[in-house]
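Residue strings, one per chain:
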Amino acid sequence: MLRARELDSPVLWLPRATALMFALVGRFRLLEQAQDEEQIITRVAGLDIGKASLVCCARVPDEARPGRRLQEVRTYPTMTRSLIGLAERLAGLGVTRVVMEATSDYWKPVFYLLEAHGFEVWLVNARDVKHLPGRPKTDKLDAVWLCKVAERQMIRPSFVPPAPIRMLRDLTRYRVDLIAEAGAERNRAEKLLEDAQIKLSVVVSDLFGTSGRAMMAALIAGQRDPDTLAELARSSLRRKIPALQEALTGHFTDHHAFLLGKMIARVEQVEADIREVDARIEAHLAPFAPAAARLLEIPGVGPAAAAAIIAEIGVDMTRFPTPAHLAGWAKFAPGVKESAGRRKGTGSTGHGNRYLARVLGQIAVSAARTSTFLGERYRRIARRRGAKRAIVAVGRSVLTIIWHLLSDPAAGFRDLGADFYLSRTDTERRKRNHIHQLEALGYRVTLDLAA
């Protein structure tokens, strides 16, 4: 006998299996609507690029048979006229997107030429489109595979900045190479002096400072008397004249003079080149001067660092929806690897843009010497987890600040202060930690409130 409230239930009038299904759906949400949209790029081309030639695979719809695809695979030389012919052929096929792998520097002229012809050009990481193992691998098959992956939008493009940023990037990266070259030549000069038993670098902090250059020039000119060479010291270094006399006593020969002269000349030439490149960077940075000025407000950021940051990430932050996207692209965020419910790996960030990582590391080390929020953040993390992790953490914080400054022209930097953490840490926890530390040293602690 069914009660009245049970008769009102529609589930009781359905077959048992159907009723059970409705009950389960009520308790558990089995299916959820996906956020992604399935979309096929109807007219797409994939390029497998080499130094002398490239293979192009173009895929377009078959007008005679709806739902089917047509493809064309051709090989083109990478000379300019052939690339123009490639662009005209793709335009004739109605191709809208061209995808290519980042193969050495061979992709650049192809990318720039197709971009100038109005195509949507994607540069993709070769690791994202690795050919399936067990299948034959040729240039033609690689082009076909890349095209098929691209038309189904199973890859994402790499960040290629616009032309003005690209030119600025070429200059800032060349400046880094010049600085490294000058540093290598200075090291050779120091080793040469060691070979001649001239221990000048032991006394002089900067071998290529005013005093060091004057002494090396005198050595090259033929002066060998330690007393005379020591008298060339300038300003505060004159207090070390006795030590300089000892350091300049050695076996410096004409052979050493010839080599040292070449090394110093090379250093001076590279320094002159750096000055010319700096002037060129300043000219190319002029359109982005307001953005560079805002970056200079960040502790540890100088003019060279601001130029390098803009050259590497540009000023248009719409490419990075959030600061986390920028940090992830720069590889300043720990990678997530999980299997069977367990996290694997060391949480390494991976290898990103080495020029950007270099300048962020310099900013972090410079900020560590300041009494600011970033400086205190570096010191707190370095004490617990080491300097390398502290550099990555501060670099991520700097990227977050950069994203906000470049996203909003009206935004300005305001330092939170070195006491930001201390003022927000739980008072009772701090008190307990201090008591435990004193008790570990053998003290008995009694606390009285101050009047």
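Residues numbered from 1 in each chain as written. Predicted model: local features only at pLDDT ≥ 70, side-chain atom pairs only at ≥ 80, totals over all residues. Heavy atoms only, no water.

### What to know about the pairing of strand β5 (residues 120–124)
Where burial is concerned, most of β5 is hidden: four out of the five residues are buried. Where strand β4 (residues 97–101) lies against β5, five bridges are found, and the strand directions are parallel. Across the sheet, Val-99 pairs through a bridge with Trp-122, a residue of β5. With helix α4 (residues 107–116) bridging β4 and the parallel β5, this β-α-β connection has right-handed handedness. (Buried < 20%, exposed > 50% of the residue type's maximum accessible area, 1.4 Å probe, protein only. Helix = DSSP H or I, 4+ residues; strand = E, 2+ residues; numbered from the N terminus. Pairing = 2+ DSSP bridges. Right-handed = clockwise from strand over helix to strand, strands pointing away.)

### Details of the pattern of salt bridges
Within this structure, the stated rule accounts for 23 salt bridges. Here Arg-74 makes a salt bridge to Glu-72, at a shortest N to O gap of 3.5 Å. Note on Arg-74: relative accessible area 39%, which makes it partly exposed. A salt bridge links Arg-383 to Glu-376; the shortest N-O distance between them is 4.0 Å. Bridged by salt links that share partners, the residues Arg-59, Arg-69, Glu-151 and Arg-152 form one connected network. (Salt bridge = Lys/Arg side-chain N within 4 Å of Asp/Glu carboxyl O.)

### Some details on the side chain of Arg-294
Relative to the elements of secondary structure, Arg-294 occurs in helix α12 (residues 289–295). No salt bridge is formed by the buried Arg-294, whose closest oppositely charged neighbour, Glu-297, lies at an N-O distance of 6.9 Å. Polar side-chain contacts of Arg-294 include one of 3.1 Å to the backbone oxygen of Leu-405. Non-local contacts of Arg-294, meaning those with residues more than four positions away in its chain, are made with Leu-405, Leu-406, Asp-408, Pro-409 and Ala-411. (Lys, Arg positive; Asp, Glu negative; His and termini not counted. Polar contact = N/O pair within 3.5 Å; in protein donor to acceptor, adjacent residues only side chain to side chain. Contact = heavy atoms within 4.5 Å.)

### Quick word on the packing of aromatic side chains
Inspection of every chain in the model, using the stated rule, returns nine aromatic pairs. On the numbers, 6.3 Å between centres and 70° between planes, the contact of Trp-107 with Tyr-112 is edge-to-face. Taken together, a centroid distance of 5.5 Å and an interplanar angle of 90° make the contact between Phe-373 and Phe-420 edge-to-face. Of this pair, Phe-373 sits in helix α16 (residues 373–385) while Phe-420 sits in helix α18 (residues 420–424), and the two are 47 residues apart along the sequence. The exposure class assigned to Phe-373 is buried, which follows from its relative accessible area of 15%. Members of the aromatic cluster, each reached through a chain of ring pairs, are Trp-107, Phe-111 and Tyr-112. Above the plane of the ring of Trp-122 lies Arg-97, whose end atom (NZ or CZ) is 3.9 Å from the centre. Directly above the ring of Phe-208 sits Arg-186, whose terminal nitrogen or CZ lies 5.6 Å from the centroid. (Phe/Tyr/Trp six-rings, centres within 6.5 Å; stacked < 30°, edge-to-face > 60°. Lys NZ or Arg CZ within 6 Å of the ring centre and 35° of its normal.)

### Some words on the layout of surface pockets
Each pocket or cavity is described by its volume, and for the largest pocket that value is around 1,300 Å³. Taken together, 34 residues line the largest pocket, and the ones lying closest to its centre are Asn-125, Ser-158, Phe-159, Trp-329 and Asn-353. Listing elements by their share of the lining of the largest pocket, those giving two or more residues are α4, β5, α6 (163–195), α14 (323–329) and α15 (354–367). At four residues, α6 tops the list of elements feeding residues into the lining of the largest pocket. Partitioning the lining of the largest pocket into residue classes produces 14 nonpolar, eight polar and 12 charged. Counted as a void, the second largest pocket has a volume near 490 Å³. Residue lining of the second largest pocket: 26 residues in total, with Arg-175, Pro-303, Ala-304, Ala-305 and Ala-307 positioned closest to the centre. Elements supplying a minimum of two residues to the lining of the second largest pocket: α6, α11 (254–285), α12, α13 (303–313) and α15. (1 Å grid on protein atoms, 1.4 Å probe; cavity = no way out; pocket = protein on both sides within 12 Å on 5 of 7 lines; lining within 4 Å. Points joined across faces, edges and corners; volume = space filled by probe spheres on them. Nonpolar A, V, L, I, M, F, W, Y, C, P; charged D, E, K, R; others polar.)

### Topic: the confidence of the model for the protein
Confidence in the prediction for the protein averages 85 pLDDT; 87% of positions are at 70 or higher. Within the protein, α11 carries the highest mean pLDDT (95), whereas helix α1 (residues 4–7) carries the lowest (39). Across residues 1–14 the pLDDT falls below 50, and counting only partners more than four positions away or on other chains, this stretch makes five contacts in the model. (pLDDT = per-residue confidence, 0-100.)

### Points about the sheet that holds strand β2 (residues 53–61)
Across the sheet, five strands lie side by side as β3-β2-β1-β4-β5; this open sheet has mixed pairing. Two strands bound the open sheet, and with one partner strand each, they are β3 (69–77) and β5. Mean inter-strand twist for the sheet, computed between neighbouring axes without regard to direction, equals 20°. Bridge count between β2 and β3: nine bridges; the pairing is antiparallel. Bridging across to β3, Val-60 finds its partner in Leu-70. Sheet strands in contact with helix α3 (residues 80–92) are β1 (44–49), β2, β3 and β4, and its direction is about 170° off that of β3. Sheet strands in contact with helix α5 (residues 139–151) are β1, β2, β3, β4 and β5, and its direction is about 145° off that of β1. (Axes fitted to C-alpha atoms, helices over the stretch in contact; angles between N-to-C directions.)

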